[in-house]
Amino acid sequence: MSEQPLSTDADVASPAFLDQDRVEGEFDAASIRAAMINRPRRELYDFWRDVRNLPLFMENVKSVELLEDDRSSWLVAGPAGSEIELVSEITEDRPGEYIAWRSLEESDIDHEGWIEFRDNPFGRGTEVRVFISYDPPAGALGKVVAKVMQREPRVQARRELRRFKQLMETGEVSTSRAPDAAPRADRHP
Amino acid sequence: MRALAWHGKHNIQVDTVPDPQIINPRDAIIRITATAICGSDLHLYDSVIPGMSNGDVLGHEFMGVVEEVGPRSTLKRGQKVVVPFTISCGSCFFCGKQQYSACDNSNPADKSDASEIAYGYPMAGIYGYSHLTGGYAGGQAEYARVPYSDVGPIVIPDGIEDEKVLFLSDIFPTGWMAAENAGIEPGDTVAIWGCGPVGLFAIKSALLMGAGRVIAIDHHPRRLELAKKNGAEVLNYHEVKVREALTEMTAGIGPDACIDAVGMEAHGFAPDNIIDAVKQETKLGTDRQHVLRETIMACRKGGRVSVPGVYGGIGDKLPIGAFMQKGLTLKTGQTHVQKYLPQLLQMILEGKVDTTDLISHRLPLEQGPEAYRNFHSSQNEWTKVVLKPH
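Residues numbered from 1 in each chain as written. Chains lettered and ligands numbered in written order. Predicted model: local features only at pLDDT ≥ 70, side-chain atom pairs only at ≥ 80, totals over all residues.

Looking at an unreviewed UniProt entry, one finds chain B named Threonine dehydrogenase, with Brevundimonas viscosa as its source organism. UniProt, in its Sequence similarities (unreviewed entry) section for chain B, records the words "Belongs to the zinc-containing alcohol dehydrogenase family." Turning to chain B, the UniProt record has this under Cofactor (unreviewed entry): "Zn(2+)". (UniProt positions renumbered as here; feature names shortened; annotations may be inferred.)

The name recorded for chain A in an unreviewed UniProt entry is Polyketide cyclase / dehydrase and lipid transport, from Brevundimonas viscosa. The UniProt entry for chain A carries the following comment under Sequence similarities (unreviewed entry): "Belongs to the ribosome association toxin RatA family."

Okay, structure coming up:
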């Protein structure tokens, strides 16, 4: 495994810290997000690299099936109860450091993404940055629908990275979903 | 089960709701034997904390018996436990620094956006205290689901009455941290605004930490009487001008430390407070921060201001010049309850602190709505309410 340079303060200017709506990407909707995860870099990489683990914290991903080592078939919940199928291929893999992927032509949507793992130089764990980008289903309308359903990439990247951090640091994903996790009364005046 | 639910401003009802379930490996279900209404619950009652939703189950001060445990809980069925009001994972950067109320993981991902927007970073989960802090169901109910039960709840030895330890859930550690944040040195004069439960525990804690003198400020005679019994000198702000009195009592120096145990709904008719009250009522956005301003003005040069009182929004008209020119230190925050529990439980077991003198009413859960009404409107007589769900 090659030694990757530690993150430095120069990275503060990187788009990862901007959490902006739109960043450079080939497709219409894209987002980048960073999180500090208090676990060893290699452990985080290994967990993510086994893509069958991803539905454990990606709420919209219903299933991931491994086709070959670098190819997997995904079933994702889409807008208005629809289901999106895509086949994803790992396009770059640097063990312990970086994974990039991209959807293949037979997929319902065009999608690409990458995740980067870096040691924090001050012993606070691993700095994880994730980029996701896709052409929304059914064009512009799809993005409106996706936004309403909070599946728009910025929200998705933010929440999925939070859940990944929770799962890696605590062994579980925090939830207050009614009724089982958090009982609530019916709405009444 | 039966539970107290929020249905809008000044509208609390007892409802039948589903029983909570074990969801995650570290969860536990607690059968609640005692739960209290907190002064900060009145901010929800008054609807000045954002992010409440019709039907939310209330309550963040509770204790009970372990009913069921997940495979990774360290609790055992039948144990009596007190549950900290802040939910903490125990494994993130913040929990590692014992800043438990800043836990990075306990607020569910889909609930964290709002507090990230409001405060810059997502806040930790708190039971029964709006969707900004996780949307968790509270403990003013027959049962509660307790996430990360291997980190939060403290096991209580057999034979200890509930009432003696119940306030480990919030107000005792909150008063204790308020006094700790005041950086008390032996012989200090500490002024404490608000003789509600947190103010009273701050008085007890400040004296235990070696304060020479505690001056407590309120306007309810019964609350002032409680403060006096706990060893404080008292000022009724309806009778005296607080700042002048503090300056006079300290021979011109001012208190070494000032504690705001009131927060965002300060009473009183100072001009700034009237403006703030109108803005708050008309949703123009600002918290009522008369007490915070007064602590900054009253504090001695180089002194410390500690704020356990709850604020939720935006403030203005802060005397920032006095703050800077006098070189004050300001410390605040939701309580890092887990950090203090073993030490404070030990003090209760050794009889070093009276934790029950503030309780004015003990009622069944079914009388919860009435308890909220009275705790809100008759604060002189209703100093602390304990509800018994079982």
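Draft legend 1. Focus on helix H12 (residues 337–349) of chain B. Residues and elements named next belong to chain B. Along its 13 residues, H12 runs 18 Å from first to last C-alpha, staying within 8% of the 18 Å computed at 1.5 Å per residue. Of all the bends in H12, the greatest measures close to 30° and is centred on Gln343. Those residues of H12 lying buried are Val337, Gln338, Lys339, Tyr340, Leu341, Leu344 and Leu345. Where H12 is buried, its residues meet strand E7 (86–87), strand E10 (154–155), helix H4 (162–165) and helix H5 (171–181). At the C-terminal side of H12, Gly351 shows a positive phi close to 70°. (Helix = DSSP H or I, 4+ residues; strand = E, 2+ residues; numbered from the N terminus. Expected span 1.5 Å × (residues − 1). Bend = angle between axes of the 7 residues up to and from the residue. Buried ≥ 20, exposed ≤ 12 C-beta atoms within 10 Å, placed from the backbone. Contact = placed C-beta atoms within 7 Å.)

Draft legend 2. Focus on the UniProt feature "domain: Alcohol dehydrogenase-like C-terminal" (unreviewed entry) in chain B. The sites that UniProt annotates as "domain: Alcohol dehydrogenase-like C-terminal" (unreviewed entry) are residues 197–264 of chain B. Secondary structure content for residues 197–264 of chain B is 43% helix and 21% strand, and the end C-alpha separation is 16 Å.

Draft legend 3. Focus on the UniProt feature "domain: Alcohol dehydrogenase-like N-terminal" (unreviewed entry) in chain B. Taken from the UniProt record, the annotation "domain: Alcohol dehydrogenase-like N-terminal" (unreviewed entry) applies to residues 25–153 of chain B. Helix makes up 13% of residues 25–153 of chain B and strand 25%, and the two end C-alpha atoms of the span are 15 Å apart.

Draft legend 4. Representation of the interface of chain A and chain B. Across the contact, 26 residues belong to chain A and 37 residues belong to chain B. Here the side of chain A that touches chain B gets seven residues from one element, more than from any other, and that element is helix H3 (residues 153–170) of chain A. A class-by-class count of the residues in the side of chain A that touches chain B yields seven nonpolar, eight polar and 11 charged. (Nonpolar A, V, L, I, M, F, W, Y, C, P; charged D, E, K, R; others polar.)

Draft legend 5. Broad picture of the packing of H5(B) against helix H6 (residues 197–208) of chain B. Residue and element names in this part refer to chain B. For the pair H5 and H6, interaxial distance at closest approach is 7 Å and the crossing angle is 55°. It follows from the interaxial angle that H5 and H6 lie oblique. Two packed elements cross with a definite hand, and for H5 against H6 that hand is right-handed. Contacts between H5 and H6 involve Ile171, Phe172, Thr174, Gly175, Trp176, Ala178 and Ala179 from the former and Pro197, Val198, Phe201, Ala202, Lys204, Ser205 and Ala206 from the latter. Here the contact of H5 with H6 is composed, by residue class, of 10 nonpolar, three polar and one charged. (Axes fitted to C-alpha atoms, helices over the stretch in contact; angles between N-to-C directions. Parallel < 35°, antiparallel > 145°, perpendicular 65-115°, else oblique. Left-handed = near helix turned anticlockwise from the far one by under 90°.)

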